[in-house]
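Residues per chain are reported as follows:
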Amino acid sequence: MTTAAEARRNSPLWVRWLLPKDAPLFQRNDAVVGWLMAAPALIILTVFLVVPFLMAFTMSFTNQRLASPNPAEWVGLRNFERLLNVQIFSLEPERDAAGHIVYDDGEIAYPRLRSFTRNNPDYPHLDGMRELTSWQAGENRTILLAADVVFFRALINTLIFAAVIAPLQGGLALLLALLLNQALPYISIFRSVYFAPVVVSMVVVSLLWRFIYDGQNGLLNTLLGIVTFGSFQPVDWLGNPYTALPAMIAMSAWQAVGFHMVIWLSGLQTIPTSLYEAAGLDGCGAWKKFRYVTWPGLRNTAVLVLIVITIQAMGLFVQVDVMTRGGPLDATQSVVYQAVQRGYAKQDIAEGSAISVILFVIVFVIAMAQRYITRERN
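The model shown is predicted, which means the values in this text are computed figures rather than measured ones.

### Some points on the packing of aromatic side chains
- Per the counting criterion, the structure on display carries 16 aromatic pairs.
- Ring centres of Phe 61 and Phe 80 lie 5.5 Å apart, and the angle between their planes is 50°; on these two criteria the pair is classed as tilted. Here Phe 61 is found in the loop between α3 (25-59) and α4 (78-84), whereas its partner Phe 80 is found in helix α4, with 19 residues between them in sequence.
- Relative accessible area serves as the criterion here: at 12%, Phe 80 is assigned to the buried category.
- Ring geometry for Phe 290 and Trp 295: centres 6.3 Å apart, planes at 35°, overall tilted.

In structure tokens:
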């Protein structure tokens, strides 16, 4: 009979490396089989996720171009500094010879911002920066400047998208799961209907909803016109900076709500029915059963749903690429869309890689924060 020590000595080097020295023979065989079965997935993840991320991380510190005869040079943090450089600048009002504030059409007149941000030797740190937003602070006008305004608008849009879509999509999915977690006839048909949009390609869904949102003969404008008896004025939902992002949020919530509904359903079905029976004997109504039985039983499911929705929302790309191309007026720009545009359309693969690294850090921090906030407390 072969002992564990003899089997280890006769095994290949990679087997001895994978297994603990004192592992019994049967555990050794199980471990080898497990590593062999996991090997295809590990190889695919390494080749298509780990290696590209390491390459992007490395290129983010260079001036690498997608197609250039010049060799890449190491530039350190220059790409990150340009992307994340913001400054707060205060514009003082113009004054006449007597020192009084000059007014133009009843409003305070200020010097042109370009006189400070274009080749001004007194303000070299503001050279090339543009206005991101501004507000009034007494007589002065305070301006938030950014070296890359488009990237910051994309970042703000992405964060708004994630902040709205997470509770909206998660809440709708939970409501549907509660409604469909019933022992009713033909309930599986309704589950299939709500899940159907998930299996449809996001490209197809985006094209469909682009026609629905059409400003002239779109289905949404037509229905609103019928409901209001013709008093509703058609809206170009994707052509208006104030409605483009909300319209995209509504479409995205509709498309993926079925996927998270299934996750909520799986969590609901793990809660023992005896807990509901005990709550009913104690006189609890529907709301108290949900508050004290259902929701505590869904804690782990809620963490999973929240993190998955946030990660998917931060990867917003297809909807932007198909429906708006980032417009109008950069109202629907997203971080991933900017990374692709700069990396391939503008062939600046180094800056696209830097954006990808920034996105990874943001998603990681948000996921860890969500995990910490929603952790189970004693």
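### Details of a nonpolar patch on the surface
- A cluster of nonpolar side chains, Ile 43, Ile 44, Leu 45, Val 47, Phe 48, Leu 49, Val 50 and Leu 54, forms an exposed patch at the surface whose accessible area comes to about 790 Å².
- Here Leu 49 shows up in helix α3.

### Examining the layout of surface pockets
- As a volume, the largest pocket reaches approximately 700 Å³.
- Around the largest pocket, the lining comprises 24 residues; the ones closest to its centre are Pro 52, Phe 53, Ala 56, Gly 352 and Ser 356.
- Going through the elements one at a time, α3, α13 (299-314), α15 (335-345) and α16 (349-373) are the ones with two or more residues in the lining of the largest pocket.
- Its residues assigned to classes, the lining of the largest pocket shows 19 nonpolar, five polar and no charged.
- Shared between two domains, the lining of the largest pocket holds at least three residues of each, these being domain 1 (4-59) and domain 3 (150-373).
- Size it by volume and the second largest pocket reaches roughly 290 Å³.
- Leu 178, Asn 181, Gln 182, Leu 268, Ile 271, Thr 273, Tyr 276, Ala 286, Lys 289, Phe 290 and Thr 294 together form the lining of the second largest pocket.

### Here we look at a positive patch on the surface
- A surface patch of positive charge is lined by Arg 112, Arg 114, Arg 118 and Arg 130.
- Mapped onto the elements, Arg 114 comes out in helix α5 (residues 114-117).
- Note on Arg 114: relative accessible area 47%, which makes it partly exposed.

### Some details on the packing of helix α8 (residues 202-212) against helix α10 (residues 244-268)
- The geometry of α8 relative to α10 is characterised by a closest axis approach of 11 Å and an angle of 135° between their N-to-C directions. In terms of axis orientation, α8 runs oblique to α10. The two elements α8 and α10 meet at a crossing, and its hand is right-handed. Contact with α8, carried on its side by Met 202, Val 205, Ser 206 and Trp 209, involves Met 251, Trp 254 and Gln 255 of α10 and no other residues of that element.

### Looking at the pairing of strand β5 (residues 140-146)
- With six bridges joining them, strand β1 (residues 86-91) and β5 adopt antiparallel strand pairing. In the strand pairing of β5, Ile 88 is matched with Leu 144.
- Of the strand pairs in this sheet, strand β4 (residues 130-137) and β5 are connected by seven bridges, and their pairing is antiparallel. Note on β5: the bridge partner recorded for Thr 133 is Leu 144.
- Adjacent in sequence and paired antiparallel, β4 and β5 are bridged by two residues, among which Gly 138 carries a positive phi angle near 70°.

### What to know about α13
- Between the first and last C-alpha of α13 there are 23 Å, a value that for 16 residues agrees with the 22 Å anticipated at 1.5 Å per step.
- Burial in α13 covers these residues: Thr 301, Ala 302, Val 303, Val 305, Ile 307, Ile 309, Thr 310, Ala 313 and Met 314.
- On its buried face, α13 sits against α6 (149-180), α10, α12 (286-297), α15 and α16.

### Observations concerning the side chain of Asn 120
- Structurally, the position occupied by Asn 120 is in the loop between α5 and β4.
- On the accessibility criterion, Asn 120 (16% relative accessible area) is buried.
- Polar contacts involving the side chain of Asn 120 include one to the main-chain carbonyl oxygen of Ser 115, which spans 2.8 Å.

### Considerations on the nonpolar core
- Counting 60 residues, the largest nonpolar core has Tyr 213 and Trp 264 as its most contacted members.
- Listing elements by their share of this core, those giving two or more residues are α4, α6, α8, α10, α13, α14 (318-324), α15 and α16.
- Looking at this core element by element, the count peaks at 13 residues for α6.
- If sequence neighbours within four positions are ignored, Tyr 213 has contacts with Leu 220, Val 235, Asp 236, Trp 237, Leu 238, Ala 247, Ala 250, Met 251 and Met 323.
- If you look at the next biggest cluster of nonpolar residues, it comprises nine residues, including Leu 91, Phe 116, Leu 126 and Met 129.

Criteria and thresholds
Residues numbered from 1 in each chain as written. Predicted model: local features only at pLDDT ≥ 70, side-chain atom pairs only at ≥ 80, totals over all residues. Heavy atoms only, no water. Phe/Tyr/Trp six-rings, centres within 6.5 Å; stacked < 30°, edge-to-face > 60°. Helix = DSSP H or I, 4+ residues; strand = E, 2+ residues; numbered from the N terminus. Buried < 20%, exposed > 50% of the residue type's maximum accessible area, 1.4 Å probe, protein only. Patch = residues over 30% accessible without salt bridge, like charges linked within 9 Å, V, L, I, M, F, W, Y side chains within 5 Å. Areas by Shrake-Rupley, 256 points an atom, 1.4 Å probe, with all protein chains shown as cover. Salt bridge = Lys/Arg side-chain N within 4 Å of Asp/Glu carboxyl O. 1 Å grid on protein atoms, 1.4 Å probe; cavity = no way out; pocket = protein on both sides within 12 Å on 5 of 7 lines; lining within 4 Å. Points joined across faces, edges and corners; volume = space filled by probe spheres on them. Nonpolar A, V, L, I, M, F, W, Y, C, P; charged D, E, K, R; others polar. Domains from an automatic or database assignment. Lys, Arg positive; Asp, Glu negative; His and termini not counted. Charge placed at Lys NZ, Arg CZ, Asp CG, Glu CD. Axes fitted to C-alpha atoms, helices over the stretch in contact; angles between N-to-C directions. Parallel < 35°, antiparallel > 145°, perpendicular 65-115°, else oblique. Left-handed = near helix turned anticlockwise from the far one by under 90°. Contact = heavy atoms within 4.5 Å. Pairing = 2+ DSSP bridges. Expected span 1.5 Å × (residues − 1). Polar contact = N/O pair within 3.5 Å; in protein donor to acceptor, adjacent residues only side chain to side chain. Core = buried A, V, L, I, M, F, W, Y, C linked by side-chain atoms within 4.5 Å.

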